[in-house]
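# Residue-level structural notes
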Amino acid sequence: MNAKANVWDMDELRLITGAMVILGGATGILVVMPYLLLQNVTPPAALKPYTNEQLVGRQSYIANGCVYCHSQQPRDTKQAPDAKRGWGRPTVAGDYAYDTPHLLGTMRTGPDLMNIGARQPSKDWHLGHLYQPRAYTPGSIMPSYPYLFEVRKGQPKPGETVVNLPPALAKPDEVVVAKPEALALVSYLLSLDRTYPALAGEKR
Ligand code: HEC
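Parameters and conventions
Residues numbered from 1 in each chain as written. Predicted model: local features only at pLDDT ≥ 70, side-chain atom pairs only at ≥ 80, totals over all residues. Helix = DSSP H or I, 4+ residues; strand = E, 2+ residues; numbered from the N terminus. Rg over C-alpha atoms; globule rule 2.2 N^0.38 Å. Buried ≥ 20, exposed ≤ 12 C-beta atoms within 10 Å, placed from the backbone. Contact = placed C-beta atoms within 7 Å. Near = placed C-beta within 6 Å. Nonpolar A, V, L, I, M, F, W, Y, C, P; charged D, E, K, R; others polar. Axes fitted to C-alpha atoms, helices over the stretch in contact; angles between N-to-C directions. Parallel < 35°, antiparallel > 145°, perpendicular 65-115°, else oblique. Left-handed = near helix turned anticlockwise from the far one by under 90°. Core = buried A, V, L, I, M, F, W, Y, C linked by C-beta atoms within 7 Å.

### A closer look at the overall build of the protein
Assigned secondary structure in the protein consists of five helices and two strands. Written out in order from the N terminus, the α and β elements of the protein read α-α-α-α-β-β-α. The globule rule puts the C-alpha radius of gyration for 204 residues at 17 Å, and the 24 Å found for the protein is more than 25% above it. The principal-axis extents of the C-alpha atoms in the protein amount to approximately 90 × 45 × 35 Å. Looking at the protein as a whole, 21% of its 204 residues qualify as buried. The contacts of the protein with a sequence gap of at least 6 include a subset with a gap of at least 24, amounting to 74%.

Given below as structure tokens:
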């Protein structure tokens, strides 16, 4: 019974101390260090803050789960051929200066969208693609978002934005009107443009 206490015989104090050391180490590496490293990052001059409408669109991007299929982090050529795919240069910390929370994403079921505003600047294309992706990219597995639009018989009301659908999808007696949420989402997508030179606003 009087065997010498083994190092593996834990008591509560050791358990709690061990847990605190691990928690403290993890907080240091994952919270404190990144904070210290990134606290001097300033927004590049060419990067504009989001407008209110774009911020509403950003919330819609989050709410509709776009981040589950689209990343916002073109990678270095050493890691992936993202530049060849036309997704843009690898991003730097300053590119995300106005992004809270960031929407880096982990899945790439669809293309990276960090520079979609530069790659596809057409508002009509984006509205139509959100209404029915398969009308623009045959066989696309992206979901359609019909609830961002209103389909009506007759004429649009003054001030409404009518979606110009491809002829195959357009019906002569119907108008597809973009709701404000769709317009805000597209406004956000068009703002995604980090094609200015990298490190322009980074302190080095
Ligand atoms: C289930 C996965 C999935 C979800 C969720 C999804 N997408 Fe996509 N997206 C794709 C795929 C796959 C493509 C490529 C085929 C195409 O163009 O439709 C794509 C293409 C795109 C493109 C064109 C990209 C290019 O380089 O041409 C845009 C813009 C886009 N998606 C925006 C969105 C937005 C905004 C949302 C949320 C409202 C969203 N996607 C949700 C899978 C998805």
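### Considering the site of the ligand
Near the ligand you find 24 residues, and of these Cys-66, Cys-69, Gly-110, Ser-140 and Met-142 are the closest. Counting residues per element, the ones that place at least two in the shell around the ligand are α3 (116-119) and α5 (180-191). Counted by class, the shell around the ligand contains 14 nonpolar, nine polar and one charged residues.

### What about the packing of helix α4 (residues 123-131) against α5?
As a packed pair, α4 and α5 sit with axes 10 Å apart at the nearest point and diverge in direction by 125°. By the angle between their axes, α4 is oblique relative to α5. Between α4 and α5 lies a crossing of right-handed hand. Across from Lys-123, His-126, Leu-127 and Leu-130 in α4, the residues of α5 making contact are Ala-182, Leu-185, Val-186, Leu-189 and Leu-190.

### Notes on the nonpolar core
By size, the foremost hydrophobic cluster in this structure holds 21 residues, and its most contacted members are Leu-127, Phe-149, Ala-182 and Leu-185. Of all the secondary-structure elements, those providing two or more residues to this core are α4, β2 (174-178) and α5. Looking at this core, the element that brings in the most residues is α5, giving six residues. Not counting residues within four places of it along the chain, the set of residues in contact with Leu-127 comprises Val-163, Ala-178, Ala-182 and Val-186.

### A word on the packing of helix α2 (residues 52-63) against α5
At a minimum axis distance of 7 Å, the contact between α2 and α5 shows a crossing angle of 100°. Taken together, α2 and α5 sit at an angle that is classed as roughly perpendicular. Each of Glu-53, Gln-54, Val-56, Gly-57, Arg-58, Ser-60 and Tyr-61 in α2 lies in contact with α5, whose residues at this interface are Glu-181, Ala-184, Leu-185, Val-186, Ser-187, Tyr-188 and Ser-191. Looking at side-chain class alone, the contact of α2 with α5 contains six nonpolar, five polar and three charged residues.

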